Amino acid sequence: MEKKYKVPIGPVHVGLKEPITAWLDLEGEKIVGATVRPGAIHRGIEFMARDRNPIQVIYLSERICGICSFAHVVCFLRAVEDAASIPVPPRAQYIRALVLELERLHSHMLWAGVACYTIGFDSAFHLGMVLRERVMDVLEVLSGNRVNYGVATVGGVRWDVTAELSKTVKDMVKYYKREFSPFYDVVTADPIAKARLRDVGVLTYEEAIAHSAVGPTVRASGVRADLRESSPYEAYVDFGVKAVVPQDYYGKAYGDVFDRFLVRVHEVYQSLDIIEKVMEGLPEGDIMWEKNLNKVLAYLKKAEGTGMSSIEAPRGDDTHVVHLDGGDENVTWWKVRAPTYSNAVSWPLMFKDNELADAPLIINSIDPCISCMERMLVTDASSGDQKVVTRTELLEKCREKTRRLMQNDRN
Amino acid sequence: MSFPKKPVDNVRSAKTPEEVLSRIREVFGDAVSAELRERKGGKEDRVGFYDAWLSVPKEEFLNLVDTLAEFDFPQFHVISGNDDGDVVTLYYHFTLFQVAGRGKRIGVNVSVPVDKKDLVMPSLFSRIPGVEYSERETREMFGVDFDGLPNKALVFLPENWNESIKPWRRDEAGPSAGDVRELS
């Protein structure tokens, strides 16, 4: 009989956005069950916000996540603007959409590259990273930063689109339309990559809906859900965004890691189209509802109400809820629901009946941080022996499987 | 009960927010209060979608979720809330019609006051398994128990946490000044 193991993946590194531990029940190499335990490092950001005014919370919300920091800021601000009935000028809405899409570009490219790295396809990983640099440069031209852009503020944005930036953005779109397809072709046409990604970590259509999965994870299961389509917010009211689902490209949604890959790379093209529309349609006018920060703070101090916002972040639906009490300058309470919070509920279903070697890929497929797997502890249930499996060893296991497949392919 | 026991294919043809609200008024009368918010955007400031804000007494909560499920499988976002003195107010955030096409989604935000003398809510787990983390989080942060939730382990707080401290409470159950360490 195969030895049974209980393997925890995690806990996590301080610098992560969404810390997760997964306990896997193994029979030999097969995963027969999984329990997920998030919150190895809960920073209590919502609690901290109680001592801060909405302007200060902008910079706190930016630090929830290093990759989709702008999505959290916009989501928080939309909740504040909903609670306090603050309008956002159209030009500011367009600039927010521009940065949101730039962020989606770099997030999806990072993910696609890292997925290749996880299976040992390093040349594709390097190609992905080279491609990603271009959008990081554009963000740097806009805000001076590669992460945490500090672009948005209550009732608008702080940085305008200059002639220099528009040229940089246009050049970037041209570059990606030319250079992104080789990356896509290399990965999707590679039989080994496909063998590693296809039918791994499957989440069915019904499971995805019942477990309220979001973003590329739910779309890869064939659910046509995208908040930019179903509830167009801000500038997206003017663009006809359509949810990217695998059945539109391959006739069928498998709901596996390959489909999650497919959805994200097609969303890169979709984001490029949206960026073009933003730049063409960018309206003239103010970029802020009120330039004087003291007036904004005085208005927010008087404002009373509960506001909520859900926007389509790179990883899926991000939800923020904010309550402001009249007379209190601070945020009374704030709730953040990052997309991984929803998607992690589906992990146990994705793990089931897969191999341990595929665990890194499955964890990675919903796009949390790969460094969540900094170390693993393998427990021999029969003897109680414990052994720490390092991230390097786990990665090696994952790559070994690719080499095995390549060997079989040659024979 | 009308709640779809099997997670169904989301409906493709949406109802309007007015139709949803009039059905809710028909079932609950004055027990449920409702507000509809237009969410506008774009160059011409057009309505992109609607958010409904409902408040419901605890005893009608499950009926309300079942009434929502007559329209579509409610996609669950999160439970938020606040300690409002004698009650802990929970806000459940749902979506209806997430795949029914452009601009058809309705955000449904349901607030429920939970009396501190009886901090128990019926769990939605058997209806919507996606609520698991949120119910566990609400349990550990506010001390609201969920009747019917199978796994009540801590989700975000550390294993060695003193469970008598409920971080989001503002009364004596919440963290005292000595429990909070200022980082700067």
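Located above this text is the structure these notes cover.
Here the residue numbering is sequential within each chain, running from 1 through the sequence in written order. To read the labels, note that chains go from A and ligands from 1, taken in the order they are written. The predicted nature of this model means local features are confined to residues of pLDDT at least 70 and side-chain atom pairs, given and counted, to a pLDDT of 80 or more, with totals for whole chains, interfaces and linings taken over all residues.

(A) Representation of the overall build of chain B in the model. Segments assigned H or I by DSSP are reported as helices when at least four residues long, segments assigned E as strands when at least two residues long, and all are numbered from the N terminus. Looking only at helices and strands, chain B features 3 helices and 7 strands. The principal-axis extent of the C-alpha atoms belonging to chain B is close to 55 × 45 × 30 Å. With 184 residues in all, chain B has 43% of them scored as buried. By the convention adopted here, residues are in contact when the distance between their C-beta atoms, placed from the backbone, does not exceed 7 Å. Across chain B, contacts joining residues at least 24 apart in sequence account for 56% of those joining residues at least 6 apart. Note on burial: count the other C-beta atoms lying within 10 Å of the residue's C-beta; 20 or more is buried, 12 or fewer is exposed, in between is partly exposed, and C-beta positions come from the backbone.

(B) Main features of the environment of A:S212. When you line up the elements, A:S212 lands in the loop between α8 (205–210) and α9 (215–220). Judged by the 30 C-beta atoms lying within 10 Å of it, A:S212 falls in the buried class. Residue contacts for A:S212: discarding those within four places in its chain leaves A:S342, B:Q75, B:F76, B:I128 and B:G130.

(C) Structural view of helix α1 (residues 17–28) of chain B. All names here are of chain B. By definition here, a helix of n residues has an expected span of 1.5 Å times n minus one. Spanning 12 residues, α1 covers 16 Å between terminal C-alpha atoms, matching the ideal 16 Å at 1.5 Å per step. Looking at the packing, one finds that the buried side of α1 touches β1 (33–41), β2 (46–55), α2 (61–68), β4 (87–96) and β5 (106–115). Just past α1, the residue G29 takes up positive phi, approximately 60°.

(D) Geometry of the interface of chain B and chain A. Every contact between the two is made by 37 residues of chain B and, on the other side, 38 residues of chain A. Contributions of two or more residues to the side of chain B that touches chain A are made by β1, β2, β3 (75–83), β4, β5 and α3 (132–142) of chain B. With 6 residues, the single largest contributor to the side of chain B that touches chain A is β3(B). Polar here means any residue outside two lists: the nonpolar Ala, Val, Leu, Ile, Met, Phe, Trp, Tyr, Cys and Pro, and the charged Asp, Glu, Lys and Arg; Gly therefore counts as polar. Counted by class, the side of chain B that touches chain A contains 15 nonpolar, 14 polar and 8 charged residues.

(E) Here's a closer look at unusual backbone geometry. Of note, the phi angle at A:N148 is positive, near 50°, even though the residue is not glycine. Within the secondary structure, A:N148 sits in the loop between α5 (122–143) and β4 (152–153). Of note in the backbone geometry, B:D45 takes a positive phi value of approximately 55° without being a glycine. Its location among the elements puts B:D45 in the loop between β1 and β2. Judged by the 13 C-beta atoms lying within 10 Å of it, B:D45 falls in the partly exposed class.

(F) Molecular detail of the packing of helix α6 (residues 163–189) of chain A against helix α12 (residues 257–281) of chain A. Residue and element names in this part refer to chain A. It is at 10 Å that the axes of α6 and α12 come closest, and there the two elements cross at 160°. The angle between the axes of α6 and α12 places the two elements in the roughly antiparallel class. Crossing of α6 over α12 shows left-handed handedness. Across from S166, V169, K170, V173, Y176, K177, F180 and Y184 in α6, the residues of α12 making contact are V265, V268, L272, I275, E276 and M279. Orientation is described by lines fitted to C-alpha atoms, with helices fitted over the stretch in contact, and by angles between N-to-C directions that extend from 0 to 180 degrees. Roughly parallel covers angles under 35 degrees, roughly antiparallel covers those over 145, roughly perpendicular covers 65 to 115, and oblique covers all other angles. Whether a crossing is left-handed or right-handed is set by the direction in which the near helix is turned from the far one by less than a right angle, anticlockwise for left-handed and clockwise for right-handed.

(G) Inspection of the sheet that holds β2(B) at higher detail. Residue and element names in this part refer to chain B. In space, the 5 strands of this open sheet follow the order β1-β2-β5-β4-β3, with mixed pairing throughout. Edge positions in the sheet fall to β1 and β3, since each has one partner strand and no second. Taken over all neighbouring pairs, the strand axes of this sheet differ in orientation by 20° on average, direction set aside. Any two strands are treated as partners once DSSP identifies two or more bridges connecting them. Relative to β2, β1 is paired through 9 bridges, and the arrangement is antiparallel. Bridge pairing links E38 to Y50 in β2.

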